[in-house]
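Read off the chains here:
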Amino acid sequence: MLELLEGRRIVVCAGSGGVGKTTTAAAIAMGMAERGLKVAVVTIDPAKRLADSLGLEQLGNEPRRVDGPFEGELWALMLDSKRTFDALIERLAPDEATRDEVLSNRIYQQLSSAVAGSQEFTAIAKLYELDQEGGYDLLVLDTPPSRNALDFLDAPGRLAGFFGGRAIKMFLRPAGLGSRLLGRGTGMVFGLMERLTGVDLLHDLSVFFRALSGMTAGFTERASRVGALLEDPGTTFLIITAPRHDPAEEAIFFHRKLAAASMPFGGLVVNRLHAAPGRNGALPDGLDANLAARVVTAAHEVEALAEREAATVERLRRALGDPPMILVPELDGDVHDVEGLARVRAHLFA
Ligand SMILES: Nc1ncnc2c1ncn2[C@@H]1O[C@H](COP(=O)(O)OP(=O)(O)O)[C@@H](O)[C@H]1O
Ligand SMILES: [Mg+2]
């Protein structure tokens, strides 16, 4: 792990859902804080007990320091997408009036929840902000539990596409949709809606787009800088996977896409590997015959599982061209707290 992180400022832990991304990200951050660095981990939807154990709160959206025997500092934050998006507006708004107008606007509130809800963009935007302002030696980013890890790579581009794209331009053009909405016919429809619903949708719409028109350039700029962060030589992607067929195939696919997007791949973490039970272990004397038979069967099953997993690891090794690879065993008991993380960390930094 130390070799993989040499000279890096940002580590992105990517992979399919449930393979241990959040756990690995937190354990890496812990390991590097122990080595004297000031580290922040940005977690996304951590398991409740892990969040509690790290002292994370839902509201806050700013890193909090985790107490522990670290020579450096460990900071952790649970991403709040909506707040991250609001903060972006605050930064890009030309003045306070515009900022308040946008933030209180109903259209914005709906739209930002939808955009922020996707989490991919705000995760990277938050990373960018911490990278610019946080004074950390290392940032570790957990990634959203998306069905498709690739959504993450496209997110900045998609948002830039939206703000630089036809939909907005059409609205903002002098003779565009925006002004046509204000025309008499539609104006009457909106007027009727307002009387029926009490919501001045037309006003909301025009305020929203007018306020936003001053910010599209800033947004596009920001989205492209945020996207560039992912390609930075100081950034590395670790692909986290489990030694099972589907996550392994997804890891192979993701690795290919990373290369195609010229994003820096650092290495592979195969998590939750089962070890074959020792073959020579004799059963204790006097064990009930029935129970002994069941122990033998169970041992065979774990052995078969370990063999299948080893074959999957081989498949990964070949498909990824013998990448740097770290194996983490399936651990007994809880890995949901600081002690559990420390055990995962011990394997990652072994
Ligand atoms: N090496 C491991 N041994 C045992 N349990 C693990 C291990 N790694 C992760 N887990 C558990 O697996 C579950 C999923 O891990 P998590 O890190 O939340 O995955 P992801 O973020 O990829 O969805 C959690 O309950 C976690 O405690
Ligand atoms: Mg997770």
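So, a few notes on the structure that sits alongside this text. Just so you know, these numbers come straight off a predicted model, no measurement behind them.

Considerations on the side chain of D86
Step number 1: With respect to the secondary-structure elements, D86 resides in helix α4 (residues 81–92).
Step number 2: Using a relative accessible area of 18% as the deciding quantity, one classes D86 as buried.
Step number 3: Sequence-distant contacts of D86, defined by excluding residues within four places in its chain, comprise L103 and Y108.

Thoughts on the packing of aromatic side chains
Step number 1: Taken as a whole and assessed by the stated rule, the structure comprises two aromatic pairs.
Step number 2: Their ring planes at 75° and their centres at 6.4 Å tell us that W75 and Y136 sit as a pair that is edge-to-face. Note that W75 is positioned in strand β4 (residues 73–78) and Y136 in the loop between α7 (120–133) and β5 (138–142), a separation of 61 residues in sequence.
Step number 3: Its relative accessible area of 16% is what places Y136 among the buried residues.

A short note on the site of ligand 1
Step number 1: Every one of the 14 residues lining ligand 1 counts as a neighbour, but K21, T22, T23, R272 and V335 are closest to it.
Step number 2: With respect to ligand 1, the backbone of V19 contributes an N or O atom lying 3.2 Å from an oxygen atom.
Step number 3: The backbone of P329 places a nitrogen or oxygen atom 3.0 Å from a nitrogen atom of ligand 1.
Step number 4: Considered on its own, ligand 1 offers 560 Å² of accessible surface; in the complex 83% of this is hidden by protein.
Step number 5: Where the shell around ligand 1 is concerned, the elements lending two or more residues are α2 (21–34), β7 (265–273) and β8 (325–329).

Focus on the sheet that holds strand β6 (residues 235–241)
Two modes of strand pairing occur in sheets, parallel and antiparallel, and in both the strands are linked by backbone hydrogen bonds.
Step number 1: Judged by pairing direction, the sheet is mixed, and its eight strands sit side by side in the order β3-β4-β2-β5-β1-β6-β7-β8 without closing on themselves. Two strands lie at the open edges of the sheet, namely β3 (64–66) and β8, each paired on one side alone. Here the strands of the sheet are splayed against their neighbours by 25° on average, with no regard to which way each runs.
Step number 2: Sheet topology note: the strand β1 (residues 10–14)/β5 ladder contains four bridges and is parallel.

What about the pairing of strand β2 (residues 38–43)?
Step number 1: The buried count for β2 comes to five of six residues, which makes it a mostly enclosed element.
Step number 2: In the sheet, β2 pairs with β5 via four bridges, with the strands oriented parallel. For A40, the partnering residue across the bridge sits in β5 and is L139.

What counts, and where the lines are drawn
Residues numbered from 1 in each chain as written. Chains lettered and ligands numbered in written order. Predicted model: local features only at pLDDT ≥ 70, side-chain atom pairs only at ≥ 80, totals over all residues. Heavy atoms only, no water. Helix = DSSP H or I, 4+ residues; strand = E, 2+ residues; numbered from the N terminus. Buried < 20%, exposed > 50% of the residue type's maximum accessible area, 1.4 Å probe, protein only. Contact = heavy atoms within 4.5 Å. Phe/Tyr/Trp six-rings, centres within 6.5 Å; stacked < 30°, edge-to-face > 60°. Near = heavy atom within 4 Å. Polar contact = N/O pair within 3.5 Å; in protein donor to acceptor, adjacent residues only side chain to side chain. Areas by Shrake-Rupley, 256 points an atom, 1.4 Å probe, with all protein chains shown as cover. Pairing = 2+ DSSP bridges. Axes fitted to C-alpha atoms, helices over the stretch in contact; angles between N-to-C directions.

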